[in-house]
Amino acid sequence: MAIRTIRTVGDRALTKVCRPVTESTPKIKQLVEDMFDTMYEAMGVGLAAPQVGILKRIVVIDTDGTPYVLINPEIIETSGEQTGDEGCLSLPGKNGTVTRPNYVKVKAYDVNMEPFELEGTELLARAICHECEHLDGIMYTTHVQGELRDNIVVEEEEDE
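Since the structure is predicted, the reported quantities are computational estimates derived from the model, not experimental observations.

### What to know about the pairing of strand 8 (residues 145-150)
Inference 1: Little of strand 8 sits out of view: just 0 of its 6 residues are buried.
Inference 2: Note that strand 5 (residues 94-100) and strand 8 share 3 bridges and pair antiparallel. When the sheet's bridge partners are listed, Asn-95 is paired in strand 8 with Arg-149.

This is the structure:
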């Protein structure tokens, strides 16, 4: 298990267009494993390789206990619309209102470079769109309607 440093706004890696992955290697497989470990440690639902400083077209997502690896993802279909709060591990403590498709179909390769398609709705669709944009150097903040807000976590007091 290796937790990598998550790059934050201002880091140039977040503004770059990532390169396609051409083959599955032990190094790529280790990166994917590290990305999952890093995402889970940060309590996120998605992470793109540039967020850990690697300019490769790799995304990991887990919105509901089902982990997905998307290598060289390409969104091929969208429909509907959803508007809701969105945040990003590269902009900790902030969130904003973003409108995204409610349905997304993406084609990609798995960690063994086997092609597949994935369909998602609601949070999974939002995560696919959000993470795929990272691969082109785009942050969700470009889509925020209104102002970014502080993401305040209210902890309940335990009864003694």
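### With respect to the environment of Thr-15
Inference 1: Note that Thr-15 resides in the segment before helix 1 (26-41).
Inference 2: Among the residues examined, Thr-15 registers a relative accessible area of 55% and is labelled exposed.
Inference 3: Distance from Thr-15 to Met-139, taken between C-alpha atoms, is 8.1 Å for residues 124 residues apart in sequence.
Inference 4: Here the side chain of Thr-15 touches Arg-12 through a polar contact of 2.8 Å, landing on its backbone oxygen.

### Comments concerning the side chain of Asp-62
Inference 1: With respect to the helices, strands and loops of the structure, Asp-62 is situated in the loop between strand 2 (58-61) and strand 3 (68-79).
Inference 2: Looking at Asp-62, its side chain comes within polar contact range of the main-chain nitrogen of Asp-64, at 3.3 Å.
Inference 3: Polar side-chain contacts of Asp-62 include one of 3.1 Å to the backbone nitrogen of Thr-66.
Inference 4: Excluding residues that lie within four positions of it along the chain, Asp-62 makes contacts with Met-39, Tyr-40, Gly-44, Val-45 and Pro-67.

### Quick notes on the pattern of salt bridges
Inference 1: Evaluated as defined, the whole model comprises 9 salt bridges.
Inference 2: Between Asp-11 and Arg-7 there is a salt bridge, and its shortest N-O distance comes to 3.1 Å.
Inference 3: According to the relative accessible area criterion, Arg-7 is partly exposed, its value standing at 28%.
Inference 4: Linking Arg-126 and Glu-86 is a salt bridge whose minimum nitrogen-to-oxygen distance equals 2.5 Å. Of this pair, Arg-126 sits in helix 2 (residues 122-134) while Glu-86 is found in strand 4 (residues 82-87), placing the two residues 40 residues apart along the sequence.
Inference 5: Shared partners join several salt bridges into a network, and the residues in it are Glu-86, Arg-100, Arg-126 and Glu-133.

Reading the values: the criteria
Each chain carries its own residue numbering, running from 1 in the written order of its sequence. Totals for whole chains, interfaces and linings use all residues, but because this is a predicted model, local features are given only for residues with pLDDT of at least 70 and pairs of side-chain atoms are given and counted only at 80 or more. In computing side-chain properties, one takes all heavy atoms of the structure into account and sets aside hydrogens as well as water. Exposure is judged per residue with a 1.4 Å probe applied to protein chains only, and the accessible area is read against the type maximum: over 50% gives exposed, under 20% gives buried, and values in between give partly exposed. To qualify as a helix, a DSSP run of H or I must reach at least 4 residues; to qualify as a strand, a run of E must reach at least 2; elements of each kind are numbered from the N terminus. Strands qualify as paired when DSSP identifies two bridges or more between them. N or O atoms closer than or at 3.5 Å make up a polar contact, with two conditions inside protein: a donor-capable atom paired with an acceptor-capable one, and, for residues adjacent in sequence, both atoms drawn from side chains. We call two residues in contact when some of their heavy atoms are within 4.5 Å. Salt bridge, as applied in this entry: a Lys or Arg side-chain nitrogen positioned within 4 Å of an Asp or Glu carboxyl oxygen.

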